[in-house]
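Here is what each chain is made of, one letter per residue.
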Amino acid sequence: MKYYGEEALGLVETRGMVPAIQAADVMCKTADVVLVSYENVGSGLVTVMVKGDVAAVRSAVERGRAAAAAIGEVTASHVMPRPISRVGKIVSVHDIDAE
């Protein structure tokens, strides 16, 4: 899913893929958000990103962070209410819809 900066962006970073996938699953089930992409940062760190309206993204990130922390280590989470469009070029590197 391409991200152009038109909506809020939520990020959850974990140590390991399993808690990252758990966070992504819970975020998408918790609120009306769309999974944008993921990033293997290195040293075992994985960041998953969702987009949507600010309230939905805040709720999703809170619940996703808690779910990931229950089974692994969360290193960071953040909600950006409306980042500039150039941020989209960064977060769309591993676009989940890309073929």
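Above this text you will find the structure in question.
Residues numbered from 1 in each chain as written. Predicted model: local features only at pLDDT ≥ 70, side-chain atom pairs only at ≥ 80, totals over all residues. Heavy atoms only, no water.

Trainee: Go over the overall build of the protein chain, please, and point to the residues and values.
Mentor: Check the secondary structure of the protein chain and you find three helices and four strands. Along the chain direction, N to C, the helices and strands of the protein chain fall in the order β-α-β-β-α-β-α. Relative to a compact globule of 99 residues, whose C-alpha radius of gyration would be 13 Å, the protein chain shows 12 Å and is just as compact. The C-alpha extent of the protein chain, read off along each of the three principal axes, is 35 × 25 × 20 Å. Each of the 99 residues in the protein chain was classed as buried or not, and the buried ones make up 42%. Here the contacts in the protein chain between residues at least 6 apart in sequence split such that 75% fall between residues at least 24 apart. Working note: accessible area of the protein chain is about 5400 Å², and carbon and sulfur atoms make up 55% of it. (Helix = DSSP H or I, 4+ residues; strand = E, 2+ residues; numbered from the N terminus. Rg over C-alpha atoms; globule rule 2.2 N^0.38 Å. Buried < 20%, exposed > 50% of the residue type's maximum accessible area, 1.4 Å probe, protein only. Contact = heavy atoms within 4.5 Å. Areas by Shrake-Rupley, 256 points an atom, 1.4 Å probe, with all protein chains shown as cover.)

Trainee: Lay out the nonpolar core with the relevant residues and their values.
Mentor: Core analysis: the biggest nonpolar cluster contains 18 residues, and Val12, Ala23, Met27, Val33, Val48, Val57 and Val61 have the highest contact counts within it. Taken together, the elements giving at least two residues each to this core come down to strand E1 (8-15), helix H1 (17-30), strand E3 (45-52), helix H2 (54-71) and strand E4 (73-80). Take this core: its biggest share by element is five residues, from H2. What Val12 contacts, discounting residues up to four positions off in sequence, is Ala23, Met27, Val46, Thr47, Val48, Val61, Arg65, Val74, Ala76 and Ser77. (Core = buried A, V, L, I, M, F, W, Y, C linked by side-chain atoms within 4.5 Å.)

Trainee: Kindly report on H2, identifying the contributing residues and their values.
Mentor: Taking 1.5 Å per residue as the helical rise, H2 with its 18 residues ought to reach 26 Å, and the 26 Å between its terminal C-alpha atoms agrees with that figure. When we look at burial in H2, the residues that qualify are Ala56, Val57, Ala60, Val61, Gly64, Ala67 and Ala68. For H2, the angular spread of the buried residues around the axis is 140°, confining them to a single face. H2 presents Ala55, Glu62, Arg63 and Ala70 as exposed residues on the side facing more than 90 degrees away from its buried surface. (Expected span 1.5 Å × (residues − 1). Arc of directions from axis to C-beta.)

Trainee: Let's hear about the pairing of strand E2 (residues 34-42): which residues, and what values?
Mentor: In the case of a regular strand, side chains alternate between the two sheet surfaces. Looking at chain direction, E2 and E3 are connected through seven bridges and run antiparallel. Note on E3: the bridge partner recorded for Val34 is Lys51. Turn length for the E2-E3 hairpin, with the two strands adjacent in sequence and antiparallel, is two residues, and the turn residue Ser43 shows positive phi of about 55°. (Pairing = 2+ DSSP bridges.)

Trainee: Go over H1, please, and point to the residues and values.
Mentor: The end-to-end C-alpha separation of H1 is 20 Å, in line with the 20 Å expected for 14 residues at 1.5 Å each. When we look at burial in H1, the residues that qualify are Pro19, Ala20, Ala23, Ala24, Val26 and Met27. Buried positions along H1 lie against E1, E2, E3 and H2.

Trainee: Can you tell me about a nonpolar patch on the surface, naming the residues and giving the values?
Mentor: Taken together, the side chains of Met17, Ile21 and Tyr38 make up a nonpolar region of the molecular surface, amounting to roughly 260 Å² of accessible area. One can find Met17 in helix H1. The class for Met17 is partly exposed, based on a relative accessible area of 36%. (Patch = residues over 30% accessible without salt bridge, like charges linked within 9 Å, V, L, I, M, F, W, Y side chains within 5 Å. Salt bridge = Lys/Arg side-chain N within 4 Å of Asp/Glu carboxyl O.)

Read these as spatial facts, not as claims about activity.
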